[in-house]
Number of protein chains: 2
Amino acid sequence: MNDKIKEYSSLIEEKLYKYFEASLPEYKILFDSMEYSVKNGGKRVRPLLTLLFYNACGKDDVLKAMPMAEAVEYIHTYSLIHDDLPCMDNDDFRRGKPSNHKVYGEAIALLAGDGLLTSAFERISVWSLAGLYDAETAVKAIHELSVYAGARGMIGGQIIDIGNENNPNADFDNLKLMDSLKTGCLISVACALGCIAAGASQDLIDSAKTFGEKLGLAFQIKDDILDVTSTLEKLGKMTGSDKENNKSTYVTLLGIEKCEELVKQLTDEAMNALDVFPYNEAIKEYANYLADREY
Amino acid sequence: MNDKIKEYSSLIEEKLYKYFEASLPEYKILFDSMEYSVKNGGKRVRPLLTLLFYNACGKDDVLKAMPMAEAVEYIHTYSLIHDDLPCMDNDDFRRGKPSNHKVYGEAIALLAGDGLLTSAFERISVWSLAGLYDAETAVKAIHELSVYAGARGMIGGQIIDIGNENNPNADFDNLKLMDSLKTGCLISVACALGCIAAGASQDLIDSAKTFGEKLGLAFQIKDDILDVTSTLEKLGKMTGSDKENNKSTYVTLLGIEKCEELVKQLTDEAMNALDVFPYNEAIKEYANYLADREY
């Protein structure tokens, strides 16, 4: 793996928990709960994309993009906590560990999600007030994040997902819209925020979003493939759960072979969107790594 | 009632629903759900305070403060939707109408809350991008709102509230901390945002917060008094519910007479904080109205 990717990954792990340090004892359990889920992180794909796109715009001082990276990861984490709640997917495990509400109870898990969502906007704004980047940059980042993570973006996708539960008639377009909102939006905005932090042109920001959309969809189709082919041990969560719910998936709609082709095509399109970036070596390597993952 | 208060109230009702107009049919139910709870509004105390403080700073073009007012009301509404969920207070009614999850189900109610919370930051940022106020103003407002509505503010207060459930030993300080966070924070920041939108000095912003803190606490103590003395018809919600939960309240801790005194004292202190504002007539009248309410 590229040294830059290793370096950025360590930086992310180092910075991600600073927010949870100080708090009144009276509500410490809320911060424990938020930290629990942030610590039980995955591959940190989204914050890494933010830093890699910042770098791809020709900037090396990635700490300037860190608040944006943190914000995206907090939003991702809140969405997982709320997704796991009994009224949503009712998942007892997340990445092989008990989900937030199984450890802290539903009420605290709900509030931990709310807290992480709110903290995303606190992170971006406070570092602008501290002079790390100008107010215009912060407002642009906050606006993009609020739209892509909001009711017309990620949350809209979650609503469509609920509508698709037990609907074996959901078609490809429906599934694609759902995923492009539920998963693609946050990946796209993670890429865009790196460019915004770098003060990049609208062209670069748009290309970063295209990359995110294509990769996000490739990601989701790959997930469906892995959901069928992988085992509990490898993924750390129950497999085949979508099938049990009688849900349409890309695999049930298109078959594994066509899905594999589509993943390749989307990955190629994502790669092409990187050509406009002046320093795209690390981000290309990372995109290839993501496309090739088998677990 | 002062003409200004009437005028601002109408403006708020007119603007508050614009956000929910356009959306894809696939997730329309989410917008319906968000709108349902925003429409089932109360006295619009928080957005009114934002506009009245904007005006108290010597500004008349209150539409410039409207995005801040909307943001505060969306945050308030999301907190009520999440508060009513079965894993929290499990309230079937809110202001005499079925609570959000009784109409739309728990999953959509949860996501409607998330959507409203996110939209608060979208509202403030988008109107800065549109040129209504500068980026510095937006970032300052977003930061204050994220802190006061966040894990160290309103949500922290909700956590303390959960800890106090079935704890008859919660004392006055504990109750005061809980309320100053859970209720006071959002009222304080509603006041502060009006000053921030007006470009007021830090002195005025701080005074607005002091007003909000004092009034918020007076409000909460008054609520406890009304909870005991009022009836179902008047309040539109179950009364005596705190008592059923075996919760400490200001009334159980201090008695009604001492509570009435405290409300008067806090209201006086809140009023004193208004003296520094150049145009404080309308806000003083409104504060008096709030302090005198009997339902």
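Up top is the structure.
Below is a short write-up of the structure. (Residues numbered from 1 in each chain as written. Chains lettered and ligands numbered in written order. Predicted model: local features only at pLDDT ≥ 70, side-chain atom pairs only at ≥ 80, totals over all residues. Heavy atoms only, no water.)

When chain B is brought onto chain A, the operation consists of a screw motion whose angular component is 180 degrees and whose axial shift is 0.0 Å, with 0.0 Å RMSD remaining. Here the transformation between the copies is reduced to the relation of a two-fold axis. Identified as the residue of chain B closest to the rotation axis by C-alpha distance is A135 of chain B, at 2.6 Å. A shared interface surface links the copies, since 100% of the contact residues of chain B are contact residues in chain A too. (Least-squares fit on C-alpha atoms with pLDDT ≥ 70 in both. Contact = heavy atoms within 4.5 Å.)

Turning next to the interface of chain B and chain A. Each side of the interface is counted separately: chain B has 50 residues, and chain A has 50 residues. Across the chain B to chain A interface the summed buried area is about 4,300 Å²; carbon plus sulfur atoms make up 77%. At the junction of chain B and chain A, the tally comes to four residue pairs in polar contact (both at pLDDT 80 or more). Counting residues per element, the ones that place at least two in the side of chain B that touches chain A are α2 (28-39), α4 (66-84), α6 (106-129), α7 (135-148), α8 (154-164) and α9 (172-197) of chain B. Across the side of chain B that touches chain A, the residue classes tally to 33 nonpolar, ten polar and seven charged. (Buried area = accessible area lost by both parts, 1.4 Å probe. Polar contact = N/O pair within 3.5 Å; in protein donor to acceptor, adjacent residues only side chain to side chain. Helix = DSSP H or I, 4+ residues; strand = E, 2+ residues; numbered from the N terminus. Nonpolar A, V, L, I, M, F, W, Y, C, P; charged D, E, K, R; others polar.)

Below, the discussion takes up the pattern of salt bridges. Counting across every chain of the model gives 30 salt bridges over all chains. Across the pair D32 of chain B and K28 of chain B runs a salt bridge, and its minimum N-O distance is 3.1 Å. Of this pair, D32 of chain B and K28 of chain B both sit in helix α2, separated by four residues, roughly a single helical turn. Accessibility expressed as a relative area gives 27% for D32 of chain B, which makes it partly exposed. Each member of the salt-bridge network shares a partner with another, and the members are E13, R44 and E73 of chain A. (Salt bridge = Lys/Arg side-chain N within 4 Å of Asp/Glu carboxyl O. Buried < 20%, exposed > 50% of the residue type's maximum accessible area, 1.4 Å probe, protein only.)

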